[in-house]
Amino acid sequence: MKISLVLSGGGARGYAHIGVIEELKSYGFEIVSISGTSMGAVIGGVEACGALDKYKEWVMSLDFLDIFKFYKPPFKLDGDKIFNKVKELAGEHKIENLPIKFTAVATDLTKKKEIWFQNGDLWTAVKASSAIPGFFEPININGRILVDGGVLNLMPVAPVMSDMSDIIIAVNLYGDNRILDIKLPKEITKKQNLLEEVWKKIFSEKEDVVTQSINLMMETIFRYRRAEYTPDIEIKIPQNIAMWYDFHKAPELIEIGRILAREALEDAQKQGIITLKKEKNAKNIHKKRS
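Since this is a predicted model, take the numbers as computed values, not measurements.

Asks: A description of the confidence of the model for the protein should follow, citing residues and the corresponding values.
Replies: Chain-level statistics for the protein give a pLDDT mean of 86 and a share of 86% at 70 or above. When pLDDT is averaged over each element of the protein, helix 2 (residues 39–48) comes out on top at 98 and strand 12 (residues 283–287) at the bottom at 46. Contacts for the low-pLDDT stretch residues 279–290, under 50 throughout, to residues beyond four places or in other chains number 29 contacts.

Asks: Go over the packing of aromatic side chains with me, naming the residues and quoting the values.
Replies: In total, this model carries two aromatic pairs according to the counting rule given. When the centroid spacing of 5.9 Å and the interplanar angle of 85 degrees are considered together, the rings of tyrosine 15 and phenylalanine 247 count as edge-to-face. On the criterion of sequence distance, the pair formed by tyrosine 15 in the loop between strand 1 (2–7) and helix 1 (16–26) and phenylalanine 247 in the loop between strand 10 (233–238) and helix 9 (250–270) is long-range, its members being 232 residues apart. One exposure class covers both tyrosine 15 and phenylalanine 247, and it is buried. Lying across the ring of tyrosine 174, arginine 13 places its NZ or CZ 4.7 Å from the centre.

Asks: Tell me what's going on with the nonpolar core, and back it up with residues and numbers.
Replies: The biggest cluster of nonpolar side chains holds 91 residues, and the ones touching the most others in it are Tyr15, Tyr55, Phe102, Phe117 and Ile235. Sorting elements by how many residues they give to this core places helix 9 first, with nine residues. Apart from the residues lying within four places of it in its own chain, the contact partners of phenylalanine 102 are Ile34, Ala41, Gly44, Gly45, Ala48, Ile95, Phe117, Gln118, Leu122 and Val126.

Reading the values: the criteria
Residues numbered from 1 in each chain as written. Predicted model: local features only at pLDDT ≥ 70, side-chain atom pairs only at ≥ 80, totals over all residues. Heavy atoms only, no water. pLDDT = per-residue confidence, 0-100. Helix = DSSP H or I, 4+ residues; strand = E, 2+ residues; numbered from the N terminus. Contact = heavy atoms within 4.5 Å. Phe/Tyr/Trp six-rings, centres within 6.5 Å; stacked < 30°, edge-to-face > 60°. Buried < 20%, exposed > 50% of the residue type's maximum accessible area, 1.4 Å probe, protein only. Lys NZ or Arg CZ within 6 Å of the ring centre and 35° of its normal. Core = buried A, V, L, I, M, F, W, Y, C linked by side-chain atoms within 4.5 Å.

See the structure below:
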């Protein structure tokens, strides 16, 4: 089955997109188009150019010092360093030449509207889409000041509405809070606990006014924009699984994405939206016909 995939913004929670994509592929989905905002544009862009496995291997291997190198005072992410590394892993690409149709959504502060990048340099588009105000430097393109797409459209379904796919699946990183018991290998759990201890000592105070304000802004806009276009299946990732800057939680967040994608697909089957069929050596998915 051919699907259009919509990946929302949400900072580090966007690592869950990796697990979602892996789970979708394990069921035989063919991703033919992707639309993403912010971290959704990052993961979507990496998948669209065929480098998701390399990117996952890199983020899974990062320790505290590796992650900390991408921050600069005062508590800002160094966009140039991050995207130079991503380009090193994935290579240079033009959006129009990608094997999967891709749209990165950013916000144009000059013209006060959202813009869709569907051609041109892939990483310039992704960098603009993920330029979180106050943490990433804005991107200046031909006199236009571009920032994070989540300022106006956190989960951009509209860019894939006319694509030649069978179904639209959206991943919402602002789902309702819930407690998840995730089992990880002992060595990964030990490493993550150590990173968590150090991380909280440095960044715990950053959860206050700035983060709360950004979250409130995004949640409010998201509620309004979500009503405009509805995907066929929505995979909801709980907001409480990580703060937007918890990039040390990659293994846990990827696994959460995989588990919740599976739950959403099974729920969609119960609702009669799709029919899941498992075979001996593979999983296949077919849309249920009325």
